[in-house]
Amino acid sequence: LTDGRIAVEVFPNESLGKEIDLINGMQLGTVDMTITGESLQNWAPLAALLAVPYAYKSLDHMDEVASGEIGDDIRDQIIANAQIRPIAFFARGPRNLTSQRPIASPADLNGMKM
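Residues numbered from 1 in each chain as written. Predicted model: local features only at pLDDT ≥ 70, side-chain atom pairs only at ≥ 80, totals over all residues. Heavy atoms only, no water.

The next subject is the nonpolar core. Counting 11 residues, the largest nonpolar core consists of Leu22, Ile23, Met26, Val31, Leu40, Ala44, Ala47, Ile74, Ile78, Ala82 and Ile84. Leave out the neighbours within four places in its chain, and Ile84 touches Ile23, Met26, Gln27, Leu40, Ile78 and Ile79. (Core = buried A, V, L, I, M, F, W, Y, C linked by side-chain atoms within 4.5 Å. Buried < 20%, exposed > 50% of the residue type's maximum accessible area, 1.4 Å probe, protein only. Contact = heavy atoms within 4.5 Å.)

Dropping the structure here:
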């Protein structure tokens, strides 16, 4: 895509540090970029909206939200408070919840310890 003008070196499995460490590194200028998630809530509480369970009907619905006004508000809050610039929002994939009893709705989680 860049005809060799940009070289990307990948450091997998937290080999450069935990997510918070990498965000801090971007703020200090010692890390160029990272894939991050819920840790940005520490600076931008609106970022939590992208990780709320059962908030989206589908991945397409989540993409609509992230690409719309709410996504713009989240991006602006991250830039203002964390001093880093998101280049994209993406789904990190479905999360699985396992239990010894059936879970069909969020209400089924009442009283359970996680």
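We are not done yet, so read on.
All right, on to the confidence of the model for the protein then. Parts of the prediction with low pLDDT should not have their coordinates interpreted in detail. Across the protein, the average pLDDT comes to 89, with 97% of residues at or above 70. The secondary structure element of the protein with the lowest average pLDDT is helix α2 (residues 59–67), at 91, and the one with the highest is helix α3 (residues 69–82), at 96. (pLDDT = per-residue confidence, 0-100. Helix = DSSP H or I, 4+ residues; strand = E, 2+ residues; numbered from the N terminus.)

A few words now on the environment of Asn81. Locating Asn81 in the fold gives a position in helix α3. Take Asn81: its relative accessible area is 39%, and that puts it in the partly exposed class. Note: C-alpha distance between Asn81 and Ala44 (37 residues apart in sequence) is 6.4 Å. A distance of 2.9 Å separates a polar atom in the side chain of Asn81 from the backbone oxygen of Trp43. (Polar contact = N/O pair within 3.5 Å; in protein donor to acceptor, adjacent residues only side chain to side chain.)

Attention now goes to α2. Of all the positions in α2, only Met62, Val65 and Ala66 are classed as buried. Relative to the axis of α2, the buried residues are bounded by an arc of 95° and lie together on one face. Residues of α2 that are exposed and point over 90 degrees away from its buried face: Asp60, Glu64 and Ser67. Packed against the buried residues of α2 are α3. (Arc of directions from axis to C-beta.)

Let us now look at helix α1 (residues 19–28). Among all positions of α1, only Leu22, Ile23, Gly25 and Met26 are buried. The arc that holds the buried residues of α1, viewed along the axis, is 160°, so those residues lie on one side. Backbone geometry just after α1 places Gly29 at a positive phi near 90°.

This brings us to the pattern of salt bridges. Inspection of the entire model under this criterion finds three salt bridges. Across the pair Asp72 and Arg75 runs a salt bridge, and its minimum N-O distance is 3.3 Å. A residue pair is termed a helical-turn pair when its members lie 3 or 4 positions apart in one helix, as Asp72 and Arg75 do in helix α3 at three residues. Given a relative accessible area of 31%, Asp72 falls into the partly exposed group. Residue class for Arg75 comes out partly exposed when judged on its relative accessible area of 30%. (Salt bridge = Lys/Arg side-chain N within 4 Å of Asp/Glu carboxyl O.)

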